[in-house]
Amino acid sequence: MSKEVRQTRLPSGLTVVTDPMETVETLSIGVWVDAGTRDEPAEINGVSHLLEHMAFKGTERRTARDIAEEMDAVGGHLNAYTARDHTAYYAKVLKEDSELALDIVADILQHSTMDEAELAREQTVVVQEICQAIDTPDDIIFDHFQAVAFPDQPLGRPVLGTEALVRAMTRDTVLGYMRDHYSAPNMVLAAAGRIDHDRLVEMADRTFAALPAPQAAGPRAARYVGGDFREDRDIEQVNLVVGFDGVSYGDPDYYAASVLSTLLGGGMSSRLFQEVREKRGLVYSIYSFSTSYTEGGLFGIYAGTGEDEIEELVPVMCDEIVGVTRGVDRVEVDRARAQLKASILMSLESTSSRCELLARQMVIYGRPMPVAEVVAKVEAITADDVVRVARRLFATPPTVAVLGPLAKAPDYQSIAARLKL
């Protein structure tokens, strides 16, 4: 981010934050709502995602077609997504169309009509999305992994919900959830690119005047459990995820876990890629990930392999996981840090990436974090830090999710025994 990052908190509680980029002709702008799947009661799991869809289906001033045509008329892009811990609505336009983009985003977040006919159609669309996810093994495996890691908790439920729950939601359900969670203090308006901060603040104060009063936040605690999920499917590949309790955004080990993930399975030079794919040819795809939330996190490894290769893959994978707890060398730590640093700095060339980074920092930390601060935290990670956090994470009960032909897949107990430190 640039040194000119500015933030203003409006009297309503809405935070406005900008990152000006004088060398571009475009602007990325959006609203990040501090509400997602983790905020949903079990009986309306999926409502955040359905609401995200419905926000584009017409307001008091615009039909769904009007919204699409107005944005297309200026060559802009309008989109949204739902995550477990937040929901985002954003646009990218030329600098002269900033007011239109802001007006449309403000309109859909405050004046959506949630027409019954549109709701029925969109419920069908979302059900198709759910079916598509179920039919995509390397996608749906992560929902099963999440559910086993955090059983019977909001953080363990799927972002899309289930067909039955989505079909049962009414207009009042969606509007009620929106009223409870889409208040000004729960939102961040972020922009990056050719933007004037003071002008955006003035426009935001005017266009976001109809947000509901804030409601008391519900509990968000997450309790990692771990365990085993298996689904035998007649498909070509076995999809496997093995994971552990992870770290939250605020955890002192957040950056060490990121370096660990990169070193273990984050690139072509990583331990897993070299040993499992390059040396043994057991997989096409293998990678590790460190996923964080405000309340906790997950560390895991995904692999897609053949039915005959799974027997050899699992012991090799477990040995590499345990091996990191016994030591890493400085060269591979330097390489992992360089990968992370490059990823951070390269993302700053995109207005969209800078806008999202800024918004998420405000939602998570309550402040924009200078790039130099983030890079310094990455560069401060040592080999000892990586080994220490590996021992911490891999000592927790494993979570195993397997989907595909299971005849030769090792059972949970044998995997857990191999991972015992």
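Quick note: structure is the one above.
Residues numbered from 1 in each chain as written. Predicted model: local features only at pLDDT ≥ 70, side-chain atom pairs only at ≥ 80, totals over all residues. Heavy atoms only, no water.

**Things to note about unusual backbone geometry**
Consideration 1: Phi angles above zero are rare outside glycine, and methionine 114 is one such case at about 55 degrees.
Consideration 2: In this structure, methionine 114 sits in the loop between helix H3 (98-110) and helix H4 (116-134).
Consideration 3: Positive phi is not limited to glycine here, since aspartate 152 has a value of about 55 degrees.
Consideration 4: With respect to the secondary-structure elements, aspartate 152 resides in the loop between helix H5 (137-149) and helix H6 (163-168). (Helix = DSSP H or I, 4+ residues; strand = E, 2+ residues; numbered from the N terminus.)

**What about the pattern of salt bridges?**
Consideration 1: Applying the stated criterion across every chain, the model contains 38 salt bridges.
Consideration 2: Residue glutamate 25 pairs with lysine 95 through a salt bridge whose shortest N-O separation is 2.4 Å. Remark: lysine 95 occurs in the loop between strand E5 (87-94) and H3 and glutamate 25 occurs in the loop between strand E2 (15-20) and strand E3 (26-33); sequence separation between them is 70 residues.
Consideration 3: Across the pair arginine 392 and aspartate 253 runs a salt bridge, and its minimum N-O distance is 2.8 Å. Pair noted here: arginine 392 is in helix H15 (residues 383-394) and aspartate 253 is in the loop between strand E8 (237-245) and helix H9 (254-265), with a separation of 139 residues, a long-range link.
Consideration 4: The class of arginine 392 is partly exposed, set by a relative accessible area of 36%.
Consideration 5: Here the salt bridges do not stand alone but share partners, grouping Arg61, Arg62, Glu70, Asp103 and Asp107 into one network. (Salt bridge = Lys/Arg side-chain N within 4 Å of Asp/Glu carboxyl O. Buried < 20%, exposed > 50% of the residue type's maximum accessible area, 1.4 Å probe, protein only.)

**Some details on the sheet that holds E2**
Consideration 1: Spatial ordering of the open sheet is given by E1-E2-E6-E3-E5-E4, a layout of 6 strands whose pairing is mixed. Unpaired on one side and paired on the other, strand E1 (6-9) and strand E4 (77-82) mark the two borders of the sheet. Here the strands of the sheet are splayed against their neighbours by 15 degrees on average, with no regard to which way each runs.
Consideration 2: Pairing geometry for E4 and E5, over 6 bridges, is antiparallel. Residue pairing across strands places histidine 77 opposite lysine 92, the latter belonging to E5.
Consideration 3: Seen against the sheet, helix H1 (residues 47-54) touches E4 and E5 and runs at an angle of roughly 170 degrees to E4. (Pairing = 2+ DSSP bridges. Axes fitted to C-alpha atoms, helices over the stretch in contact; angles between N-to-C directions. Contact = heavy atoms within 4.5 Å.)

**Section: the packing of aromatic side chains**
Consideration 1: Within this structure, the stated rule accounts for 14 aromatic pairs.
Consideration 2: Aromatic pair tyrosine 249 and tyrosine 365: ring centres 6.5 Å apart, planes at 75 degrees, arrangement edge-to-face. Remark: tyrosine 365 occurs in helix H13 (residues 351-365) and tyrosine 249 occurs in the loop between E8 and H9; sequence separation between them is 116 residues.
Consideration 3: The buried category is assigned to tyrosine 249, whose relative accessible area is 12%.
Consideration 4: Ring centres of tyrosine 254 and tyrosine 255 lie 4.9 Å apart, and the angle between their planes is 90 degrees; on these two criteria the pair is classed as edge-to-face. In terms of burial, tyrosine 254 and tyrosine 255 fall into one category: buried.
Consideration 5: An aromatic cluster of three or more residues is present, and its members are Phe142, Phe145, Tyr287, Phe289 and Tyr302. (Phe/Tyr/Trp six-rings, centres within 6.5 Å; stacked < 30°, edge-to-face > 60°.)

Distances and angles like these do not, on their own, reveal function.
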